[in-house]
Amino acid sequence: MSFLRLVGACFWVICGWFGGDFFCVQTQAHLNELDKTIELLHRLKQEIFCRRTDLNLLYQAFRRENILNFCASSAENFQTLSAPISFSKAEKICFQECFSGLGHAEAAQECDRLELYLQRFTQFRSAAEQTAQTRFALARRLGLGAGLAAAILFL
C-alpha cells in the first residue's frame, strides 16, 4: 500500500466526518432561527401591548437593531417579511400567516394573535428539538461510517 493511498483513505474518513457535521450545523441553525422567531414574537407582543408602537416605526427600529437579520429577505415591513430558509413548509406557512396578518386588528387582538403564534412556534421548536437529538447522535457517526466505507473501497 502506497503512502498516497493511505493519505487518500484518511481524506475520505475526514470528509465523511465533516459531511455528518454539516447536517448537525444545519439542524442547529434551524433551531437558532426558531429561537429568534420566538424572541421576535415576544418582543413584538411586548411592544404592541405596552407601548402600542406603530408597526412601521417598530419595523424600522428592529431593522436598525438587527433583530430581523435571520429572515430570508429585506422586506419593507412586517407583512412582507419572508420566513428563514431552514424552516419546513408548515413553519413557513405559519410564519407567513403570522406576519402578513399584523396590523389588521386592535392592540389587544394583536396580542392574542401573537400569543397563539408563540404557542405554535414553541411547539415547532420542541418538535425540532426532539428531531435534533436523534440527528445529532446519528449524523456524525453515519458520516464517519460512510467515510470509512469509502476509504476501504479506495484502498
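Look a little higher up for the structure.
Overview of the structure. (Residues numbered from 1 in each chain as written. Predicted model: local features only at pLDDT ≥ 70, side-chain atom pairs only at ≥ 80, totals over all residues. Heavy atoms only, no water.)

A word on the nonpolar core. Residues Leu 41, Leu 44, Phe 78, Leu 81, Phe 95, Phe 99 and Phe 121 are the most contacted members of the largest nonpolar core, which totals 33 residues. Looking at this core, the elements with two or more residues in it are α1 (3-51), α2 (55-64), α3 (89-100) and α4 (107-154). With nine residues, α4 is the largest single contributor of residues to this core. (Core = buried A, V, L, I, M, F, W, Y, C linked by side-chain atoms within 4.5 Å. Buried < 20%, exposed > 50% of the residue type's maximum accessible area, 1.4 Å probe, protein only. Helix = DSSP H or I, 4+ residues; strand = E, 2+ residues; numbered from the N terminus.)

Attention now goes to the pattern of salt bridges. What the rule picks out here adds up to seven salt bridges. In this structure, Lys 45 engages Glu 115 in a salt bridge whose closest nitrogen and oxygen atoms are separated by 2.5 Å. Taken together, the positions of Lys 45 in helix α1 and Glu 115 in helix α4 put the pair 70 residues apart, joining distant regions of the chain. Overall, the relative accessible area of 25% leaves Lys 45 in the partly exposed class. (Salt bridge = Lys/Arg side-chain N within 4 Å of Asp/Glu carboxyl O.)

Residues Ile 14, Trp 17, Phe 18, Leu 144 and Leu 148 make up a contiguous nonpolar surface patch of roughly 460 Å² in combined accessible area. Broken down by element, the nonpolar patch gets its largest block of residues, three residues, from α1. With respect to the element layout, Leu 144 can be found in helix α4. (Patch = residues over 30% accessible without salt bridge, like charges linked within 9 Å, V, L, I, M, F, W, Y side chains within 5 Å. Areas by Shrake-Rupley, 256 points an atom, 1.4 Å probe, with all protein chains shown as cover.)

In this structure, Asn 66 takes a positive phi of about 60 degrees despite not being glycine. Turning to its location among the elements, Asn 66 is positioned in the loop between α2 and α3.

One can describe the packing of α1 onto α3 by two numbers: an axis separation of 13 Å at closest approach and a directional angle of 20 degrees. In terms of axis orientation, α1 runs roughly parallel to α3. The handedness of the crossing between α1 and α3 is left-handed. Between α1 and α3, the residues in contact are His 30, Leu 34, Thr 37, Leu 40, Leu 41 and Leu 44 and Glu 91, Phe 95, Cys 98 and Phe 99, respectively. Here the contact of α1 with α3 is built from residues that sort into seven nonpolar, two polar and one charged. (Axes fitted to C-alpha atoms, helices over the stretch in contact; angles between N-to-C directions. Parallel < 35°, antiparallel > 145°, perpendicular 65-115°, else oblique. Left-handed = near helix turned anticlockwise from the far one by under 90°. Contact = heavy atoms within 4.5 Å. Nonpolar A, V, L, I, M, F, W, Y, C, P; charged D, E, K, R; others polar.)

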